[in-house]
Amino acid sequence: MTSYPMIRKEFQELMKTYKILIVPIVFIALMITQPITMKMLPEILANSTGLPKGTVINIPTPSAPEVLSTAISKFSSLGTFVLILVVMGTIAGEKASGVASMVFVKPVSRAKYYLAKAITYYTLTIGSMLIGMGITAYYTELLFGKLDWTHVWLGTWMYIPNLLLVVTTTLCASSFFNNAVGAGGASLVFNIVVFTVPQFLGKFLDMVSPGGLTNAAIMMIQENSTLAEAAITGLPGLVGVFALNIVFFFMGWYFLERSEI
Amino acid sequence: MRVIECESLTKEYKDHKALKDVSFTIDGIGCVGFLGGNGAGKTTTIRILTGLAAPTAGKVKVVGYDVVTERNKVTSEVGYCPQIPAFYNYMTATEWMQWVGKLYGLDKRTVEERTDELLELCGISEARNRPIGGYSGGMKQRLGIAQALIHNPKLLVLDEPVSALDPMGRHDVLLLIEKLKRHMTVFMSTHILDDIERIADHIIIIKDGTVLLSSSLEELRASHVEPIIEFKLDQEDIDLTDVLDGLAWIREWTREGGTYKVFASDLQTAKANLPHILLESGGSLAYYRLSTLSLQDIFLKVVNG
């Protein structure tokens, strides 16, 4: 009975706080700078001072898939940071301000409240990523030549669970902490660790980690392998990241159920 | 109908016990004044009654439902306004009311009618289309009460409902509670004893997490009928300590500012002799009257043991 008004309210909030515009714009800005920079790089170098006279720098023009794949890898860290900033206060902030207590004295279960937040931010993240990637890929095609859009979209969808993991872990931290800064800090530390450390812990952990999934997504976008090969490479990462998403989703729910509002 | 039933309610936090074996029952409609000093356990009790916190031990039933195992049924029958109500600041009062109405499963027409009626009743209909973020504390308090009533609850829980209001606002809200208590049970905590004395039918006094008293206001007054002689001298510098201490028919006396309160063990003797004694002490009476214990006197007497 109360799920629909909760979800509707969350989407209304996205619109009234302009997050529905800000997040896609930031995603576009973070990704689209890569093809522009790559295109302008020879001119930037040519106009830069400090190089000895007569210096000749030969930079081979990268292919469109190469440019797009670097856009994803460059986006990764800043995109994570932006998502954490957007999500960190959604539960913790409401607990701190007292709004959560106004909501929970009504016939709204904590599960529905949590689910509404998760659905909203998952939708925002997926939508923003698809828009950002679509526009960046289009622009890359204009500047660097043809792209295989099947590879682009499959690579994007392969990368999206990583972004959802950022949302899930931030929601989890937001359920645990009573202030947004604490939630954001905890989520940031966790995501830095989970995205960077597994590569040093052996091949298996690297493959099933978010970092492994990013590499598989990049491989898919680079078009160096067939769709099937790239999909098989990404499968362990997909399984690992989905498992982490599920674990942290339920952990956040548990924290919220147990917390005193 | 038994509205609230608390049985051996205990709430422990890591480092302290907020409630210790709290038991009380509230039957029928009317206004319940929940009194206690800061940190007495009022808000903790209210948080448990509204399902926001779980008791460590004990049983609590609200409108016949267990607050732990039947939380959703409890929340459907209870309206709650905290001391400092918080809202989504980007919403207008109308949007908030309509959203809350939907959470209670009310149909669109009922929500619209109740929204109009309650915003008018609580005196914020003129600001209904402005974002709540721009409201004053008093306006938020009024909206907090309005939204707590949208589903016509059987129990309305108000935590310090007039604390953020100016004198006019306080007067309006007390009038509103007087109207509401004819149709539902209003459970309100406050520090302002004059307000409670004016509108409450039942009093609960809590101190250090323990209920010291739970009684109807009538019974309370009847059990604390104690004649007091109140007087004030024009000459505030005259010290009556020796005079009053030397009178065998005076059991106890207090002085606040220039006003004396004398508790007589023999009222007739006191009435006959006290005015003469006061005049003999060299003072003239600014006022002199016979009164009974106020709720504040009873509260202080109960709390101070």
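All residue numbers refer to position in the chain's written sequence, counted from 1. To label them, take the chains in the order written and letter them from A, then take the ligands in the order written and number them from 1. A pLDDT threshold of at least 70 governs which residues receive local features in this predicted model, and a stricter bar of 80 or more applies before side-chain atom pairs are shown or counted, although totals over entire chains, interfaces and linings include all residues. With hydrogens and water excluded, all non-hydrogen atoms of the structure serve as input to the side-chain values.

Student: Just to check I follow, could you spell out the UniProt feature "transmembrane region" (unreviewed entry) in chain A for this structure?
Tutor: Residue and element names in this part refer to chain A. UniProt positions are given in the numbering used here, feature names are shortened, and annotations may be inferred rather than shown by experiment. In the UniProt entry, the feature "transmembrane region" (unreviewed entry) is given for residues 20-38, 114-139, 151-173, 180-201 and 235-256. Think of it this way: any DSSP run of H or I at least four residues long counts as a helix, any run of E at least two long counts as a strand, and we number them from the N terminus. Between the end C-alpha atoms of residues 20-38 the distance is 29 Å, and the span holds 100% helix and 0% strand. Helix makes up 77% of residues 180-201 and strand makes up 0%, while its end C-alpha atoms are separated by 31 Å.

Student: What should I look at first to understand the side chain of B:Thr75 in this one?
Tutor: Note that B:Thr75 resides in helix 2 (residues 71-77). As used in this structure description, the phrase polar contact means that two N or O atoms lie within 3.5 Å; if the pair is within protein, one of them must be able to donate a hydrogen and the other to accept it, and residues adjacent in sequence are counted only when both atoms belong to side chains. Within polar-contact distance, the side chain of B:Thr75 engages the backbone oxygen of B:Asn72 at 2.9 Å. In what follows, a contact means two residues having at least one pair of non-hydrogen atoms within 4.5 Å. If sequence neighbours within four positions are ignored, B:Thr75 has contacts with A:Phe104, A:Val105, A:Lys106, A:Pro107, B:Thr50, B:Tyr104 and B:His151.

Student: When you look at the pairing of strand 10 (residues 210-216) of chain B in this model, what are you seeing that I'm missing?
Tutor: Remark: a regular strand shows side chains that alternate across the two faces of the sheet. Residues and elements named next belong to chain B. The pairing criterion for strands is at least two bridges between them, as found by DSSP. Inspection of the sheet shows strand 9 (residues 202-207) paired to strand 10 by six bridges, in the antiparallel sense. What sits directly across from His 202, in strand 10, is Ser 216. What sits between the antiparallel neighbours strand 9 and strand 10 is a turn of two residues, in which Asp 208 has the positive phi angle 50 degrees.

Student: Whenever I open this one, the domain arrangement of chain B confuses me. Can you help?
Tutor: Many analyses report the size of an interface as the accessible area lost when the parts associate. Residue and element names in this part refer to chain B. Segmentation of chain B into domains returns domain 1 (2-215) and domain 2 (225-304). Where a domain begins and ends is set by an automatic assignment or by a domain database. Of note, the centres of domain 1 and domain 2, computed from C-alpha atoms alone, are 40 Å apart. At the junction of the two partners, domain 1 supplies eleven residues and domain 2 supplies six residues. What counts as buried area is the accessible surface, traced by a 1.4 Å probe, that two parts surrender upon association, with contributions from both included. For the pair domain 1 and domain 2, the summed buried area comes to about 770 Å², and 82% of that belongs to carbon and sulfur atoms. Sorting the residues of domain 1 by area buried against domain 2 places Leu 193, Glu 197 and Ile 205 first, and these three jointly supply 53% of that buried surface. On inspection of domain 1 and its partner domain 2, the count reaches one residue pair in polar contact (both at pLDDT 80 or more). For the side of domain 1 that touches domain 2, the secondary structure elements donating two or more residues are helix 7 (193-199), strand 9 and strand 10. Under the scheme applied here, ten amino acids are nonpolar (Ala, Val, Leu, Ile, Met, Phe, Trp, Tyr, Cys and Pro), four are charged (Asp, Glu, Lys and Arg), and all others, including Gly, are polar. Here the residues of the side of domain 1 that touches domain 2 sort into seven nonpolar, two polar and two charged.

Student: Please explain the sheet that holds strand 3 (residues 30-35) of chain B as it appears in this structure.
Tutor: Hydrogen bonds between backbone atoms are what pair the strands of a sheet, whose relative direction is either parallel or antiparallel. All names here are of chain B. Here we have six strands laid out as an open sheet, ordered 6-7-8-3-9-10, and mixed in their pairing. Looking at which strands have only one partner, the edges of the open sheet turn out to be strand 6 (78-81) and strand 10. This sheet shows a mean twist of 15 degrees between the axes of neighbouring strands, independent of strand direction. Relative to strand 9, strand 3 is paired through four bridges, and the arrangement is parallel. From the neighbouring strand, Leu 35 faces strand 9, where its bridge partner is Ile 205. The sheet strands contacting helix 6 (residues 167-180) are strand 3, strand 7 (155-159) and strand 8 (185-189), and the helix crosses strand 8 at an angle near 145 degrees. Each axis is a line fitted through C-alpha atoms, and for a helix only the stretch in contact is used; angles between axes span 0 to 180 degrees, taken between their N-to-C directions.

Student: Looking at this structure, how should I read the packing of helix 7 (residues 149-176) of chain A against helix 11 (residues 227-258) of chain A?
Tutor: Each packed pair of helices is defined by two parameters, the angle between the axes and the distance between the axes. Residues and elements named next belong to chain A. Packing of helix 7 against helix 11 leaves a shortest axis separation of 8 Å and a crossing angle of 20 degrees. On the basis of the axis angle, helix 7 is roughly parallel to helix 11. Here the hand of the crossing between helix 7 and helix 11 comes out left-handed. Residue composition of the contact of helix 7 with helix 11, grouped by class: 19 nonpolar, nine polar and no charged. Any angle from 65 to 115 degrees is called roughly perpendicular, while one under 35 is roughly parallel, one over 145 is roughly antiparallel, and all others are oblique. Helix crossings get a hand from a simple test, with the near helix turned counterclockwise from the far one by less than a right angle marking a left-handed crossing and a clockwise turn marking a right-handed one.

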